[in-house]
Amino acid sequence: MKGFLPAVAALFLLLPLPAGAQPARDIVDRAVEGDGFNGVALVGRGRTIDALEARGAADVAHGVPMTRDTRFEVGSISKWIAAIVVMKLVDQGHLDLEAPISRYLPDYRADTGAKLTLLRLMSHSSGLPNQILAARQADPSSRGVELDQMVAVRRYASGDLAFEPGTAWDYSHSNWLVVKAVVERVSGMPYAQLVDQVLIKPLRLRNSGICHGDSAHVRGMALGYATLVPTPQPKPNPVPDFMAMAGGYYTTAPELMKLMDAVLDGRFLSAASRRTLMTTVMPDQHYALGGRVRIERIAGQEREAAWEDGSNGGFRMIARRVLADGHTVIVMTNASYDHANLGQLGDALMEASYADAAESASR
């Protein structure tokens, strides 16, 4: 292992550098040396990738190095992907975010079905308790067990509401079981097929999709680890299909940037749906639909940004895109990288992106 990682680093030192890549490369190298960063980091603006750095191992046992096109589970960024798919169905006239879900799921519990809406479910303001978490704590063996979608909804997403929809916020995976049941009922197809039809094929994403179970079976996927040193310790966390919206999406750093550009600056969604997707529903949590929109001080100014975070098993990742000008940072890791270090790395890369832009403008 000790000989393998330096060899990979040496390989990437031989690759040609695009304009603006050296500051990002230096930052990533410091993260490797300082706290063992293992993953992929991207810096870009609009559609242009300015830096794309891969370090370490994707699969230690088989000697597979990390590459710029290594696939990663994105954890809860899957919720933002799911919200994009829902908004596409809204654009097509198939869904209404404000309609009671009983319109789409007449077999759902009648009293709460009349109160719950897709808007509240996707913003975690529904009051639906996180029965999945409670079940896993009570019985760890339930993790990864496959269930029919409506069986899962009845078991894990039909509890008494903890609060009236819209009056509070609670991060509950159970919300997304119901949303998935709705879109599958309305579209008449499994969610993975729907994602392929409305997202993957139109955007020509070749390294992205929905998987369930242990993602190790997906070609080109990084494996998740609890740690790599001194001895690699695998840390898989199988995601059952009924939780695909909550954590079943996988992609690469370049394709996540391509998707963010298409959704946030392109014409993939209507202007109205894009505004809805990125409007905070619960301001105290900065939470919109499936993800956050934050105003942060970046490069000396207050800037509004899409703020996506995800984790599952050993996978950790962040995706940041400033809405006004498209400055983008994506960092994906697979060895339980410290969350605080991940955030600091993302901040440093974003600052470097603006510094490079300012230097280019002054030439």
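Residues numbered from 1 in each chain as written. Predicted model: local features only at pLDDT ≥ 70, side-chain atom pairs only at ≥ 80, totals over all residues. Heavy atoms only, no water.

A closer look at the sheet that holds strand 5 (residues 72–73)
Strand order in the open sheet formed by three strands is 5-9-6, and the pairing between neighbours is antiparallel. Edge positions in the sheet fall to strand 5 and strand 6 (209–210), since each has one partner strand and no second. In terms of strand pairing, strand 6 meets strand 9 (residues 249–251) through two bridges, oriented antiparallel. Paired with I210 across the strands is Y249, a residue of strand 9. (Pairing = 2+ DSSP bridges. Helix = DSSP H or I, 4+ residues; strand = E, 2+ residues; numbered from the N terminus.)

Quick look at empty space enclosed by the protein
According to the stated counting rule, one finds two cavities of 30 Å³ or more in the structure shown. Here the second largest cavity defines a volume of roughly 30 Å³. Here the lining of the second largest cavity is composed, by residue class, of four nonpolar, two polar and two charged. (1 Å grid on protein atoms, 1.4 Å probe; cavity = no way out; pocket = protein on both sides within 12 Å on 5 of 7 lines; lining within 4 Å. Points joined across faces, edges and corners; volume = space filled by probe spheres on them. Nonpolar A, V, L, I, M, F, W, Y, C, P; charged D, E, K, R; others polar.)

Considerations on the pattern of salt bridges
A full pass over the atoms with the stated rule returns 19 salt bridges. A salt bridge links D50 to R45; the shortest N-O distance between them is 3.0 Å. For D50, a relative accessible area of 8% puts it in the buried group. Residue classification places R45 among the partly exposed residues on the basis of a relative accessible area of 25%. The shortest N-O distance in the salt bridge between R45 and D356 comes to 3.1 Å. In this pair, R45 sits in strand 1 (residues 39–45) while D356 sits in helix 13 (residues 339–362), placing the two residues 311 residues apart along the sequence. Three or more residues are tied together by salt bridges with common partners; here these are R25, D29, E53 and R55. (Salt bridge = Lys/Arg side-chain N within 4 Å of Asp/Glu carboxyl O. Buried < 20%, exposed > 50% of the residue type's maximum accessible area, 1.4 Å probe, protein only.)

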